[in-house]
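Listed here are the chains, written in short residue letters.
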Amino acid sequence: MTLAKDESAREGADSKDDTTGGAGDGYVPSERRLERERYKRARARRATAVAALSTLLTAVVLYLVVVNAPGWPRTKETFFSAQYAREALPKVLEGLWLNVRLLAVCGVAVLVLGMLIAIARTLRGPVFFPLRVLAAAYTDFFRGLPLIINLMIVVLGVPALRLQGVTVDPVLLGGTALTLTYSAYVAEVFRAGIESIHPSQRAAARSLGLTNRQALRYVVLPQAVRRQVPPLLNDLVSLQKDTGLVSIGGAVDAVRAADIIVGRSLNYTPYIVAGLVFVALTIPMTRFTDWVTARMDRQRAQGGSL
Amino acid sequence: MSDAEAPVLRMESVRKTFGGSVVLRDVDLAVAPHTVTALIGASGSGKSTLLRCANLLEDIDDGAIWLDGEEITDPRVDQDAVRRRIGVVFQAYNLFPHMSVLDNITLGPRRVHGASRAEAEERARGLLERLGLGDKADAYPDRLSGGQQQRVAIVRALAVRPRLLLLDEITAALDPELVGEVLEVVRGLKDDGMTMVLATHEMGFARDVADQICFLDGGVVLERGTAEQVFGDPQQERTRRFLRRIVEAGRL
């Protein structure tokens, strides 16, 4: 007994990368395994070196191509001026705060509205016929309507009506337009999710005595939403960028803030700054989407028979 | 003659772990040419993992595996070249649903082994004919019954003339009637001299067809021998208990 303990203690000390130490069966890695691992480590080192070298080479080539391109000095002055970048960045960031708030509010509104429309489209029963038709018409219309036209009609057109009690605030109107379009996208994502749940799930739920609505609420929707997380996040990233379009109504967001400086200086660096700020905002989101997707794929793979 | 004696597949103290749990522990195995080895044991005893290790679908932690005297677990070895010599039939068939039966079968010969379309199709049709599927060549897998799909999967594995055939519980997803038609095919392959390793729950079949039976329990080959030895006179208490339960369930 003590001998076995000694063995496993020694094993733990000898090979730190041995994940099986907890098995407690006195396993000691063989010389064959150690040799194999040495070889794999050497191969990994070589791969890293090759990757580093080829990256460096690519970077140098790219740099030389760009710098030696005709018109590069002028391009650099017009698009990559450090002076204008310094001037634009604080203003752009100030404007970006508006985009972020718009994203948060519109994001929630889009998810709720999209879900309601999707459910409306899947309701059964003759009473709901008009609701089904309306929901279908809504998604067809707003999915096909270019977002920019939607925005111009709502942001520029609605104030022209001079209706009492209707806001003329370009941010609120812009947010409304975004919500209208994106809830149509998201409704389709949800509907696809609901329809992707195998009918046998609904049958199993109904066989327990759950009503149609209960089956939807407790069995179908939880599975559908989980399955649709990646495409939903995709639409959210898209929405994040498109909040920049509310600037057409005059709201001072990141895009508008850049536009003001460009109009004054005729130097286009602020646009680049605003663009990069949006990119920087979406990268964490897309990485998160990738991570969620990969994790879900892994979970599914584990559920397989192999 | 000594050449024929050399095992097609040999494993030596193979160890495989998933996270903290040891799935295979010190597994030794030798499969002589033109023999059938049956792996039996409860679910989770490591049968499928053993087959997956033999086809390099899983990296082993320790030990070594040889195919025709060449160590295939050496990290320098070309894994695709190894897999070209081994045929695998899966429990869930794993046919490609977007291809016709004929395309499923000729994919490997044409893309990997460089056979011409005419050549590959001729062989595929010949094999299909032999397994009673001559009229299904142009059908799509989803239109076939489970037993037919599994026979197509066997043809797909055979089409590349493998040195060794691994069968992973190929009848587990089939109803009793279809089990018979698939097992008949395996019996025919044995008569042709195909070297096979199969994981199975069909004890009666294992007893009839296997030259060597290995009883796995907790990742260890607890008992091995001919069918008479393992089924007739098991040495280990654990084996006796397993077989008793099988008999009680009326499966032997």
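Keep in mind the model is a prediction, meaning the values are calculated, not measured.

About the criteria used
- Every chain is numbered on its own, with residues counted from 1 as its sequence reads.
- Here the convention is simple: chains get letters from A, ligands get numbers from 1, in the order in which they are written.
- Two thresholds apply to this predicted model, a pLDDT of at least 70 for residue-level local features and 80 or more for giving and counting side-chain atom pairs, whereas whole-chain, interface and lining totals are computed over all residues.
- Only DSSP runs of H or I reaching four residues or more are called helices, and only runs of E reaching two or more are called strands; each is numbered from the N terminus.
- Our radius of gyration looks at C-alpha atoms and nothing else; its globule reference is 2.2 Å times the residue count to the power 0.38.
- This entry defines residue contacts through backbone-placed C-beta atoms, with two residues in contact when those atoms are within 7 Å.
- Criterion used throughout: strands pair if DSSP finds at least two bridges between them.
- Geometry is summarised by axes, namely lines fitted to C-alpha atoms with helices restricted to the contacting stretch, and by angles between N-to-C directions that run from 0 to 180 degrees.
- We define a nonpolar core as a collection of buried residues of the types Ala, Val, Leu, Ile, Met, Phe, Trp, Tyr and Cys that are connected via C-beta atoms lying within 7 Å of each other.
- Buried residues are those with 20 or more other C-beta atoms within 10 Å of their own C-beta, exposed residues have 12 or fewer, and partly exposed residues lie in between; C-beta atoms are placed from the backbone.
- Domain limits in this description derive from either an automatic procedure or a database domain assignment.
- Gly counts as polar in this scheme, as do all residues outside two lists: the nonpolar Ala, Val, Leu, Ile, Met, Phe, Trp, Tyr, Cys and Pro, and the charged Asp, Glu, Lys and Arg.
- UniProt positions are given in the numbering used here, feature names are shortened, and annotations may be inferred rather than shown by experiment.
- Working rule for angles: under 35 degrees goes down as roughly parallel, over 145 as roughly antiparallel, 65 to 115 as roughly perpendicular, anything else as oblique.
- Here a crossing is taken to be left-handed if its near helix is turned anticlockwise relative to the far helix by less than a right angle, and right-handed if that turn runs clockwise.

So, about the overall build of chain B. Counting secondary structure elements, chain B contains 10 helices and 10 strands. Taking 2.2 N^0.38 as the reference for a compact globule, 252 residues should give roughly 18 Å; the C-alpha atoms of chain B span a radius of gyration of 18 Å, in line with that estimate. In terms of overall dimensions, chain B has a C-alpha envelope of 55 × 45 × 45 Å along the principal axes. Taking as baseline every contact in chain B between residues at least 6 positions apart, the subset at least 24 positions apart corresponds to 65%.

The next thing to look at is the sheet that holds strand 6 (residues 86-89) of chain B. Residue and element names in this part refer to chain B. If you walk across this open sheet you meet the 6 strands as 6-7-8-3-9-10, and the pairing is mixed. Taken across any chain shown, the strands that pair with only one partner, and hence form the sheet edges, are strand 6 and strand 10 (220-225). Averaged over all adjacent pairs, the angle separating strand axes in this sheet is 20°, with direction ignored. Strand direction decides the pairing type here: strand 3 (residues 36-40) and strand 9 (residues 212-217), joined by 4 bridges, are parallel.

Attention now moves to the nonpolar core. Counting 71 residues, the largest nonpolar core has B:Leu39, B:Val155, B:Leu166 and B:Val197 as its most contacted members. Of the domains in this structure, domain 1 (1-73 + 180-252) and domain 2 (86-162) of chain B are the two that each give at least three residues to this core. Setting aside its immediate chain neighbours within four residues, B:Val155 contacts B:Ile105, B:Ala124, B:Leu127, B:Leu128 and B:Leu131. A:Leu151, A:Val171, A:Val189 and A:Leu216 belong to the second-largest nonpolar core, a separate cluster that totals 36 residues.

Every regular strand shows the same layout, with side chains that alternate between the two sheet faces. All names here are of chain B. Bridge count for strand 1 (residues 9-18) against strand 2 (residues 21-31) is 7 bridges, and the pairing is antiparallel. Within strand 2, the position partnered with Met-11 by the bridge is Leu-29. Here strand 1 hands over to strand 2 after 2 residues, with Gly-19 in that stretch at a positive phi of 60°.

On to the sheet that holds strand 2 of chain B. Residues and elements named next belong to chain B. Spatially, 2-1-4-5 is the arrangement adopted by the 4 strands of the open sheet, whose pairing is antiparallel. Two strands lie at the open edges of the sheet, namely strand 2 and strand 5 (70-71), each paired on one side alone. Examined bridge by bridge, strand 4 (residues 62-67) and strand 5 share 2 bridges and lie antiparallel to one another. Each residue of the ladder has a partner; that of Trp-66, found in strand 5, is Glu-71. The strands touched by helix 2 (residues 47-54) within the sheet are strand 1, strand 2 and strand 4, with strand 2 carrying the most contacts at an inclination of about 65°.

Let us look at the domain arrangement of chain B. All names here are of chain B. On domain assignment, one finds that chain B holds domain 1 (1-73 + 180-252) and domain 2 (86-162). Taking only C-alpha atoms, the centre of domain 1 and the centre of domain 2 are 25 Å apart. On the side of domain 2, 7 residues touch domain 1, which itself brings 4 residues to the contact. Residues that form the side of domain 1 that touches domain 2 fall into these classes: 2 nonpolar, 1 polar and 1 charged.

Moving on: the UniProt feature "domain: ABC transmembrane type-1" (unreviewed entry) in chain A. The UniProt record marks residues 96-289 of chain A with the feature "domain: ABC transmembrane type-1" (unreviewed entry), using the residue numbering of this structure. With 80% helix and 0% strand, the stretch residues 96-289 of chain A has end C-alpha atoms that lie 22 Å from each other.

Time to look at the UniProt feature "transmembrane region" (unreviewed entry) in chain A. Residues and elements named next belong to chain A. Annotation from UniProt places "transmembrane region" (unreviewed entry) at residues 47-66, 100-120, 141-161 and 268-288. The straight-line gap between the two end C-alpha atoms of residues 141-161 is 22 Å; of that span, 86% is helix and 0% is strand. What you have in residues 268-288 is 95% helix and 0% strand, and the ends, taken at the C-alpha atoms, are 31 Å apart.

All names here are of chain A. Two numbers describe how helix 5 (residues 129-144) lies on helix 7 (residues 170-196): the axes approach to 8 Å, and their chain directions differ by 120°. Between helix 5 and helix 7, the crossing angle belongs to the class labelled oblique. Considering the relative orientation of helix 5 and helix 7, their crossing is left-handed. For the pair helix 5 and helix 7, contact is made by Tyr-138, Thr-139, Phe-142 and Arg-143 and by Leu-180, Thr-181, Ala-184, Tyr-185, Ala-187 and Glu-188, respectively. Grouping the amino acids of the contact of helix 5 with helix 7 by side-chain chemistry returns 6 nonpolar, 2 polar and 2 charged.

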